[in-house]
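Single-letter residue listing:
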Amino acid sequence: MTLSFYKYQGTGNDFVLIDNRQLKFPKNDTKLVAFLCDRKFGIGGDGLILLENDELSDFRMVYYNADGNEGSMCGNGGRCTVAFANFLGVIEKDTVFNAVDGKHAATIENGIVSLQMQDVSEIKEKPEYVFLNTGSPHHVQMVKTVENFEVYKEGKKLRYGLYGQIGSNINFVEILEDDTFAVRTYERGVEDETLSCGTGVTAVAIAMHNAGKTSANRIKVNTQGGELQVELCEKDGIYSHIHLIGPAKQVFKGKIVC
Ligand SMILES: N[C@@H](CCC[C@H](N)C(=O)O)C(=O)O
C-alpha cells in the first residue's frame, strides 16, 4: 500500500497528518501508526492525525500517539489539524471541529492558530504538584530551573510510579516572570520528552493561575520548541474561554510504501 501524508509541527511537536475523508486509512492498525511515527524506519513524528468528515462540525480530528494507540486530546495536534484543514480548503479563517474531548472552536490567521480548549473545573492541588485534565491528563510540578532538569528520568518515574499503566503527561515548570513560564514535558504515549505539548502548556497556565503564581489572563509559556500563549478566564474556580495560541506549520509532504 502507498500512503500520501503531510508533515506538520507546532512549536516542535511534530505530526504525520493524513487526509482520511475517504475513510481509506486502517484505523485499528496500531503497528502501522507506530511504524509511520518511527523516526528511523518510518516518517517520524510525536503522533499521527487523521482529518475526517464530521456530520456535526467542519471536520473531525483523530489523534494517535507515537506508540500507535489512539490518544486523548492533543493541543498542538489540534492547532496543526486546523492549519491542515485550511490548506486542504476544508475551512477558511474560523472553524468548529470535533475531537475526542468534544467540539473546539479555532481561528487561523498568518500561520497562527488560536484553539479553544474545554473548560476546566477540577484541579487537584497537592503539596508537591498539581494534577488537572485539559483534554489530556497533566501533572504540573515546579522546579528551580528547567534547563538542566532530568526530564526523561524524572518524568518516566512519575508517569509510571504515580499514575500507573494509564499514566499522565508530566510537566516541569520554572517561573520566569509574572506572566511567563518555561516548561519541559515528558509525554505519555511518546514515552519521551517532546519539544512542546499544547495540553501541557494549557495545564501549566491554569495551574500557575490557580496557585496564585500569576494573575495574568494571557500567559506566555516557553517550550523547548518556541513560545505558546494561553488566554483564560476564571470565575468561582472554573476556567473557561481557554485559548491555546501559537504557530502551526506544514514542513513537507510525501508518499510512503507500507
Ligand atoms: N502533544 C500533545 C499531547 C498529546 C496527548 C498525550 N500524549 C496523551 O495521550 O496523553 C499536546 O500537544 O497536547
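A. Region of interest: the overall build of the chain. In terms of regular secondary structure, the chain is built from 4 helices and 17 strands. In summary, the chain has a C-alpha radius of gyration of 17 Å against a globular reference of 18 Å for 258 residues, a match within 12%. Taken over the C-alpha atoms alone, the chain extends approximately 50 × 35 × 25 Å along its principal axes. Residue pairs in contact within the chain that sit at least 24 positions apart in sequence constitute 61% of those at least 6 positions apart. If you sum the accessible surface of the chain, you get close to 11800 Å²; carbon and sulfur atoms cover 47% of it. Positive and negative charge centroids in the chain, built from 27 and 34 side chains respectively, lie 5 Å apart.

B. Expanded view of empty space enclosed by the protein. Under the counting rule described, the total for this entry stands at 1 cavity of 30 Å³ or more. Its boundaries defined by the atoms lining it, the largest cavity holds a volume of some 110 Å³. Along the walls of the largest cavity sit 15 residues, with N65, M73, S136, N169 and E187 positioned nearest its centre. Secondary structure elements with two or more residues in the lining of the largest cavity: β4 (60-65) and α4 (198-210). Of the residues that constitute the lining of the largest cavity, the class distribution is 4 nonpolar, 9 polar and 2 charged.

C. The arrangement of the nonpolar core in detail. Among the nonpolar cores identified, the biggest contains 49 residues, and L132 and V140 are the most heavily contacted of them. Here this core gets 7 residues from one element, more than from any other, and that element is α4. Residue contacts for V140: discarding those within four places in its chain leaves Y129, V130, L132, N171, V173, A203, V204, A207 and M208. In this structure, C37, L48, V62 and I256 belong to the second largest nonpolar core, which totals 16 residues.

D. Spatial organisation of the site of the ligand. Among the 16 residues in the neighbourhood of the ligand, the closest are listed as G75, E187, R188, G198 and T199. Within the side chain of N13, a nitrogen or oxygen atom sits 2.8 Å from a nitrogen atom of the ligand. A distance of 3.0 Å separates an oxygen atom of the ligand from a polar backbone atom of N76. Most atoms of the ligand, that is more than half of them, are within 2 Å of grid points of the largest cavity. Mapped onto the shell around the ligand, the elements with two or more residues apiece are β4, α2 (75-88) and α4. Partitioning the shell around the ligand into residue classes produces 4 nonpolar, 10 polar and 2 charged.

Reading the values: rules and limits
Residues numbered from 1 in each chain as written. Predicted model: local features only at pLDDT ≥ 70, side-chain atom pairs only at ≥ 80, totals over all residues. Heavy atoms only, no water. Helix = DSSP H or I, 4+ residues; strand = E, 2+ residues; numbered from the N terminus. Rg over C-alpha atoms; globule rule 2.2 N^0.38 Å. Contact = heavy atoms within 4.5 Å. Areas by Shrake-Rupley, 256 points an atom, 1.4 Å probe, with all protein chains shown as cover. Lys, Arg positive; Asp, Glu negative; His and termini not counted. Charge placed at Lys NZ, Arg CZ, Asp CG, Glu CD. 1 Å grid on protein atoms, 1.4 Å probe; cavity = no way out; pocket = protein on both sides within 12 Å on 5 of 7 lines; lining within 4 Å. Points joined across faces, edges and corners; volume = space filled by probe spheres on them. Nonpolar A, V, L, I, M, F, W, Y, C, P; charged D, E, K, R; others polar. Core = buried A, V, L, I, M, F, W, Y, C linked by side-chain atoms within 4.5 Å. Buried < 20%, exposed > 50% of the residue type's maximum accessible area, 1.4 Å probe, protein only. Near = heavy atom within 4 Å. Polar contact = N/O pair within 3.5 Å; in protein donor to acceptor, adjacent residues only side chain to side chain. Sits in = over half its atoms within 2 Å of the grid points.

Distances and angles like these do not, on their own, reveal function.
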